[in-house]
Amino acid sequence: QVQLVESGGGLVQTGDSLRLSCAVSGRTFSRYAMGWFRQAPGKEREFVAAINWSGGSTSYGDSVKGRFTISRDNAKNMEYLQMNSLTPEDTAVYYCAAKLWVLRVAVTTPDEYDYWGQGTQVTVSS
């Protein structure tokens, strides 16, 4: 029913910025929560950011608070992650996710999500 495709990753240097995008397609007949997760080599999947349907509720992982901003444009079926002041610790594959029929809350646990994108690589050199 739903497909998610991430884009915007790449190779940058410490201190640079990137904006990741996630395009949602397919009929859902539902409002949905969205989020971003990342996985670095040798590391477990890590929560990055989450946002509810209206954008009025957001949540961030401790390691990215103050540097990353999650947003969405429901008219375009798009989710974004603005990443500033990047460091090598941010190097990972970044995944967007969606959970249908969730209106009010930002979902922070990966097991609750219904759909996932294929991931986009972000590499930050020192």
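Report on the accompanying structure.

Analysis parameters
- Residues numbered from 1 in each chain as written.
- Predicted model: local features only at pLDDT ≥ 70, side-chain atom pairs only at ≥ 80, totals over all residues.
- Heavy atoms only, no water.
- Salt bridge = Lys/Arg side-chain N within 4 Å of Asp/Glu carboxyl O.
- Helix = DSSP H or I, 4+ residues; strand = E, 2+ residues; numbered from the N terminus.
- Buried < 20%, exposed > 50% of the residue type's maximum accessible area, 1.4 Å probe, protein only.
- Pairing = 2+ DSSP bridges.

1. Looking at the pattern of salt bridges
- The full count for this structure, using the stated rule, is four salt bridges.
- Of the charged contacts in the structure, one is a salt bridge between aspartate 62 and lysine 65, with a shortest N-O distance of 3.2 Å.
- Measuring nitrogen to oxygen at the nearest pair gives 2.8 Å for the salt bridge that ties aspartate 90 to arginine 67. Of the two residues, aspartate 90 is situated in the loop between β8 (78–83) and β9 (92–100) and arginine 67 in the loop between β6 (58–60) and β7 (68–73); the sequence distance between them amounts to 23 residues.

2. As for the pairing of β8
- The buried fraction of β8 is high, at five of six residues.
- Looking at chain direction, strand β3 (residues 18–25) and β8 are connected through six bridges and run antiparallel. Counted as the bridge partner of cysteine 22 is glutamate 79 from β8.
- Bridge analysis of β7 against β8 gives six bridges, and the strand direction is antiparallel.

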